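Working through the structure, step by step
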2 protein chains.
Amino acid sequence: MQPYQFTAAEAARLIRDRRLSCEELVRSCLDRIAAREPVVKAWLFLDPDLAIRRARELDKRAVQDGPRGPLHGLPFGVKDVIDTLDMPTTQNSPIYEAARIGRDAACVGVVRHSGALILGKTDTVEFASGGRKALTRNPFNPMHTPGGSSSGSGAAVGDFMVPLAFGTQTAGSHIRPASFNNIYALKPSWSLVSREGVRMAALSLDTVGWFGRSVEDLRLVAEAFRLPGLAQPAASLKGLRVGLCRSPVWNRIEPAGAAALETAARRLEAAGAIVEPLELPAHFAGLTAAREVIGRHEGSAAFLPEYLAAHHLLAADLRQRVELRATYDSAGLLAAYALADRCRPEFDALFGPRLDVVLTPAAPGEAPEGLHTTGDWIFNGIWTLLHVPCLAIPAIRGPRGLPVGIQLVGPRLSDARLLAIAAACAPAIDSEPGWARETLCR
Amino acid sequence: MQPYQFTAAEAARLIRDRRLSCEELVRSCLDRIAAREPVVKAWLFLDPDLAIRRARELDKRAVQDGPRGPLHGLPFGVKDVIDTLDMPTTQNSPIYEAARIGRDAACVGVVRHSGALILGKTDTVEFASGGRKALTRNPFNPMHTPGGSSSGSGAAVGDFMVPLAFGTQTAGSHIRPASFNNIYALKPSWSLVSREGVRMAALSLDTVGWFGRSVEDLRLVAEAFRLPGLAQPAASLKGLRVGLCRSPVWNRIEPAGAAALETAARRLEAAGAIVEPLELPAHFAGLTAAREVIGRHEGSAAFLPEYLAAHHLLAADLRQRVELRATYDSAGLLAAYALADRCRPEFDALFGPRLDVVLTPAAPGEAPEGLHTTGDWIFNGIWTLLHVPCLAIPAIRGPRGLPVGIQLVGPRLSDARLLAIAAACAPAIDSEPGWARETLCR
């Protein structure tokens with residue numbers, strides 16, 4: 001097996017034990033990228049020389065002082081709406097083609113300090129919001145989308161180009177690409193991870209998350225962020241209470257999405273969990289529309305600078321968002337805030353002795369064909385608005401041979417507990433962990 | 001009268017009518033700064049040559065194409081926690097001493113596009129949060145604080161160095177310095193103005209605002225931001241229903257603060273308003289503590305990068321905020337969110353036929369003596385947490401000869417209406433508008 005095929009956690013162990021150098025790992029990733037990038041097109045910026053230089057520095061440092069932190073030497077992709085000190089940040093917008101921001105985003109600073117090697121910037125939907133799409137293709141079938149807006153990060157991790165990457169989610173930009181690319185993702189609780197230096201699209205919604213190829217990978221990054229409660233004991237599947245939530249938008253499910261959810265439920269039951277249907281209160285059905293209202297109105301502030309300064313270079317749908325300021329619906333926005341404020345503690349309160357975790361679709365089904373779409377965020381929007389942690393796990397292959405995942409959801413600020421539960425659930429749900437490697441790395 | 005003495009609105013009119021050039025105005029401001037800066041110390045960065053060059057460009061542009069927008073040629077100060085393309089952004093932290101960020105913050109981009117001339121960066125409490133204080137002194141008495149954390153912006157506008165400036169508020173960093181420096185300030189509703197490129201301290205709280213020397217000044221900037229509803233009709237004092245809110249922290253008021261509030265109420269009544277006491281529901285008393293819980297917990301994410309990368313350069317109180325992650329009180333934080341979520345619509349619902357605007361203290365009293373303190377935010381915290389628009393108006397001189405203001409508060413997203421009401425109230429409340437000019441510009 002080549003080093004690029006290791007999960008982050010596997011590579012971290014080997015590096016710690018001095019059985020793998022950072023330089024070997026990054027060279028292997030760069031080789032993989034060289035071979036696959038012409039098809040997958042995940043990257044907007046890569047500097048192989050810089051990466052190798054950094055890897056050598058990290059190797060030297062490990063000899064002198066030990067590893068810098070839990071991510072020592074692990075290559076990390078960064079969605080190009082996130083600022084990096086040493087690389088351009090274009091947001092996939094012609095307005096920022098040449099932008100170099102002289103400071104790392106908070107999240108980049110945190111993983112860099114923990115030893116991560118920032119490998120490059122990944123392609124994204126313009127501003128992670130609208131306008132032009134990423135050029136990225138689905139590693140399992142280049143005629144299909146890898147999802148979006150975190151297209152490049154999802155595909156790069158899915159295609160074994162890089163073990164870890166950052167994405168963001170304002171509607172379903174993080175968990176959906178995880179499902180389409182057969183990978184793991186954590187969208188943390190809103191407010192637990194700083195968004196400083198990350199493109200804003202909607203103040204109440206934008207969330208930074210990360211991708212990996214195992215729950216352990218996600219946990220390594222969580223350690224770098226010192227997410228509260230990580231010291232807690234492991235969870236067990238035996239007697240775990242799982243709420244099977246078809247969600248208020250079940251009418252939008254496709255057969256492959258339904259099969260993923262039901263297969264995951266069956267596998268969890270077979271492994272000793274207690275799976276029971278969970279029906280959300282009726283007014284939760286309004287959350288999807290509320291998220292849209294909030295996204296559009298908050299977006300009218302977010303894109304005003306570009307609207308004014310570079311009107312013709314801003315996509316029509318983002319211009320329309322700004323133009324909403326002329327007919328701003330304050331009452332509608334306040335009603336949307338109020339519904340979210342009501343539902344958040346109600347959802348949290350479902351958890352306790354009778355419910356440990358919610359199991360719900362990560363996407364409607366397989367990745368759609370064509371690059372004119374990035375798929376539908378409909379199964380993600382309400383969770384983003386609820387500010388709850390969401391964790392994507394690969395589940396099945398659909399009828400077209402493409403992966404379909406599910407997501408586990410917990411109450412707000414229970415991210416560490418969700419990681420523990422996911423660690424218990426993943427071996428059951430992701431029952432063929434070697435499949436993607438065998439398919440893609442021949 | 002020298003050009004530097006004009007309000008923003010006066011100068012804008014003269015520039016539009018070609019009776020004042022941008023260059024004349026900025027040279028006058030620079031002269032004022034040269035004369036006063038040794039005492040006031042409002043600025044962390046100034047580039048007079050750049051400013052004059054920009055003024056000439058704006059003058060040329062006006063001849064060719066007319067004014068760029070409502071702020072054409074108006075010098076604008078920027079609190080140094082806000083990114084600027086062409087100037088350093090130090091956050092008054094040794095960590096960022098040399099930081100040059102290759103992009104304007106959203107708010108800077110908006111006013112620049114509207115013709116504002118970004119004059120320089122103003123001193124601030126470190127990260128607008130804690131650690132070292134600004135060196136800035138109160139223009140009315142250099143032995144006293146100008147308030148904080150927007151110390152330099154408040155003092156620069158108060159001292160007639162610049163007609164407009166940006167500040168930020170997470171607890172009381174914007175409205176309090178307005179009161180201490182005898183100026184006007186708008187802290188807009190949360191989410192109406194983008195915070196992209198502004199240092200984050202607490203995701204639910206941080207708000208960008210602006211200072212001016214009249215309500216019309218504040219409105220000019222609001223036009224640049226296209227705040228919703230600005231086209232509405234003027235308000236009248238006759239029959240205006242004013243709720244006199246001593247607030248749940250009235251026990252912290254000083255005699256000068258009480259006098260300011262009562263004087264403002266009396267003057268409004270004398271001018272035809274109907275002023276009646278407004279008692280907030282009892283549970284609003286918990287908002288001050290809730291704001292602190294939220295600020296500390298969200299701050300534990302905000303300062304993690306500096307904690308990791310530059311531990312010894314981060315102030316002890318900000319280090320402590322990060323260390324809170326080890327004993328993170330999720331239940332306490334969720335309870336604080338829940339109280340805010342409950343109070344926000346309750347506060348909004350007070351408004352209607354029986355209440356147009358709330359009149360409440362902007363600060364406990366005069367600016368305290370000494371630079372070891374920036375004064376107390378106690379009268380600002382609950383309004384920040386409620387996400388409501390707040391507008392500061394100068395009111396009286398206290399026993400030590402220092403100014404004391406009040407603030408008007410409206411329901412969420414009613415910023416345009418609050419500006420209209422303030423335009424009606426200000427001539428009554430700020431009954432000696434020439435006083436500061438006569439005192440400071442002799």
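As the structure is a prediction and not an experimental result, all values here were calculated from the model. (Residues numbered from 1 in each chain as written. Chains lettered and ligands numbered in written order. Predicted model: local features only at pLDDT ≥ 70, side-chain atom pairs only at ≥ 80, totals over all residues. Heavy atoms only, no water.)

Turning to the relation of the copies chain B and chain A, a few remarks are in order. Between chain B and chain A, which share one sequence, the superposing operator has a rotation angle of 180° and an axial displacement of 0.0 Å; the RMSD is 0.0 Å. Here the two chains are linked by the operation of a two-fold rotation axis. No C-alpha of chain B approaches the rotation axis more nearly than that of Ile101(B), which lies at 2.6 Å. Of the residues that chain B buries at the interface, 100% are likewise interface residues in chain A, meaning the two copies contact each other through the same surface. (Least-squares fit on C-alpha atoms with pLDDT ≥ 70 in both. Contact = heavy atoms within 4.5 Å.)

Turning our attention to the pattern of salt bridges. Residues and elements named next belong to chain A. Summed over the entire model, instances satisfying the criterion amount to 50 salt bridges over all chains. Two residues, Asp65 and Arg61, come together in a salt bridge whose shortest N-O distance is 3.9 Å. With Asp65 and Arg61 both in helix α3 (residues 48-65) and 4 residues apart, this pair spans about one turn of that helix. By relative accessible area, Asp65 is classed as exposed at 53%. (Salt bridge = Lys/Arg side-chain N within 4 Å of Asp/Glu carboxyl O. Helix = DSSP H or I, 4+ residues; strand = E, 2+ residues; numbered from the N terminus. Buried < 20%, exposed > 50% of the residue type's maximum accessible area, 1.4 Å probe, protein only.)

All names here are of chain B. The sharpest bend along helix α2 (residues 22-40) comes to roughly 40°, located at Ala34, with the proline Pro38 sitting one to four residues further on. Buried within α2 we find Cys22, Glu23, Leu25, Val26, Ser28, Cys29, Leu30, Arg32, Ile33, Arg36, Glu37 and Val40. Trailing α2 by a residue or two, Lys41 shows a phi angle of about 55°, which is positive. (Bend = angle between axes of the 7 residues up to and from the residue.)

Counting residues at the interface gives 46 residues for chain B and 46 residues for chain A. Interface area lost by chain B to chain A is led by Arg103(B), Leu308(B) and Arg325(B), which between them contribute 15%. Where chain B touches chain A, the interface holds 4 salt bridges. Across the pair Arg103(B) and Asp83(A) runs a salt bridge, and its minimum N-O distance is 2.7 Å. Connecting chain B to chain A are 16 residue pairs in polar contact (both at pLDDT 80 or more). Contributing elements (two or more residues each) for the side of chain B that touches chain A: α4 (106-113), α9 (287-302), α10 (304-309) and α12 (330-349) of chain B. When residues in the side of chain B that touches chain A are grouped by element, the largest group, 6 residues, is from α12(B). Among the residues making up the side of chain B that touches chain A, the classes are represented as 26 nonpolar, 8 polar and 12 charged. (Buried area = accessible area lost by both parts, 1.4 Å probe. Polar contact = N/O pair within 3.5 Å; in protein donor to acceptor, adjacent residues only side chain to side chain. Nonpolar A, V, L, I, M, F, W, Y, C, P; charged D, E, K, R; others polar.)

Attention shifts here to the sheet that holds strand β4 (residues 164-169) of chain B. Residue and element names in this part refer to chain B. Judged by pairing direction, the sheet is mixed, and its 11 strands sit side by side in the order β1-β3-β2-β4-β6-β5-β10-β11-β9-β7-β8 without closing on themselves. The open sheet has two edge strands with one neighbour each: β1 (43-46) and β8 (274-277). Adjacent strand axes in the sheet meet at a mean angle of 30°, parallel and antiparallel pairs treated alike. With 5 bridges connecting them, strand β2 (residues 75-79) and strand β3 (residues 117-122) associate as parallel partners. Bridge assignment links Val78 to a residue of β3, and that residue is Lys121. (Pairing = 2+ DSSP bridges. Axes fitted to C-alpha atoms, helices over the stretch in contact; angles between N-to-C directions.)

Annotation from UniProt places "domain: Amidase" (unreviewed entry) at residues 24-419 of chain A. With 36% helix and 15% strand, the stretch residues 24-419 of chain A has end C-alpha atoms that lie 29 Å from each other. (UniProt positions renumbered as here; feature names shortened; annotations may be inferred.)

All names here are of chain A. What the rule picks out here adds up to 0 disulfides over all chains. Here Cys390 stays unpaired: no disulfide links it, and the sulfur of Cys245, its closest cysteine neighbor, is 11 Å away. Judged by relative accessible area, which is 0%, Cys390 ranks as buried. (Disulfide = S-S within 2.5 Å.)

The subject of this paragraph is the nonpolar core. Counting 322 residues, the largest nonpolar core has Phe166(A), Phe225(A), Trp383(A), Phe166(B), Phe225(B) and Trp383(B) as its most contacted members. Both domain 1 (3-279 + 348-440) and domain 2 (282-347) of chain B contribute no fewer than three residues apiece to this core. Apart from the residues within four sequence positions on either side, Trp383(B) is in contact with Lys187(B), Cys245(B), Leu280(B), Phe347(B), Val358(B), Thr360(B), Val388(B), Cys390(B), Gln407(B) and Val409(B). (Core = buried A, V, L, I, M, F, W, Y, C linked by side-chain atoms within 4.5 Å. Domains from an automatic or database assignment.)

To continue, consider the pairing of β4(B). All names here are of chain B. Of all 6 residues in β4, 6 are buried; the element is thus mostly enclosed. Of the two faces of β4, the one lined by Leu164, Phe166 and Thr168 and the one lined by Ala165, Gly167 and Gln169 are each fully buried. Looking at chain direction, β4 and strand β6 (residues 207-212) are connected through 5 bridges and run antiparallel. Counted as the bridge partner of Thr168 is Val208 from β6.

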